[in-house]
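# Structural description and commentary
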Amino acid sequence: MKLSSMKYCIEQLPGEQKAVIKLFYLEEKCYKEIAETTNTDVTKVRSYIQNGRRNLKICMEKNAFEQA
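Residues numbered from 1 in each chain as written. Predicted model: local features only at pLDDT ≥ 70, side-chain atom pairs only at ≥ 80, totals over all residues. Heavy atoms only, no water.

## Considerations on the packing of aromatic side chains
What the rule picks out here adds up to two aromatic pairs. With a centroid separation of 4.9 Å and 85° between ring planes, the pair formed by Phe-24 and Tyr-25 is classed as edge-to-face. Accessibility expressed as a relative area gives 22% for Phe-24, which makes it partly exposed. (Phe/Tyr/Trp six-rings, centres within 6.5 Å; stacked < 30°, edge-to-face > 60°. Buried < 20%, exposed > 50% of the residue type's maximum accessible area, 1.4 Å probe, protein only.)

Dropping the structure here:
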């Protein structure tokens, strides 16, 4: 249940956040590797991860509430 909800929530993230979250958590890339892969700077990568985490949490909590 949680895994399918997590997958759904990842897909709901805005483009950059989704790409960076997948690289960081699913492919276990470091900030520098993600910055090189996405052709962006490390500061933006950090921001995308932070915002993506927050948005994932909000989505997961919303889904848990709706399932209850």
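Anyway, onward from the coordinates.
## As for the state of the cysteines
Note on terminology: disulfide describes a covalent bond linking the sulfur atoms of two cysteines. Using the criterion set out here, one finds one disulfide in the structure. The disulfide partner of Cys-9 is Cys-59, and the gap between their sulfur atoms is 2.1 Å. Given an S-S torsion of about -80°, the disulfide between Cys-9 and Cys-59 has left-handed geometry. Remark: Cys-59 occurs in helix H4 (residues 42-67) and Cys-9 occurs in helix H1 (residues 2-12); sequence separation between them is 50 residues. The pair formed by Cys-9 and Cys-59 is uniform in burial state, with each residue classed as buried. (Disulfide = S-S within 2.5 Å. Helix = DSSP H or I, 4+ residues; strand = E, 2+ residues; numbered from the N terminus.)

## Remarks on the packing of helix H3 (residues 31-38) against H4
The interhelical angle for the contact between H3 and H4, taken along N-to-C directions, is 105°, at an axis separation of 9 Å. As summarised for this structure, H3 and H4 are arranged roughly perpendicular, according to the angle between their axes. Here H3 contributes Tyr-31, Lys-32, Ile-34, Ala-35 and Thr-38 to the contact with H4, which in turn contributes Val-42, Val-45, Arg-46 and Ile-49. Of the residues contributing to the contact of H3 with H4, the split by class is six nonpolar, one polar and two charged. (Axes fitted to C-alpha atoms, helices over the stretch in contact; angles between N-to-C directions. Parallel < 35°, antiparallel > 145°, perpendicular 65-115°, else oblique. Contact = heavy atoms within 4.5 Å. Nonpolar A, V, L, I, M, F, W, Y, C, P; charged D, E, K, R; others polar.)

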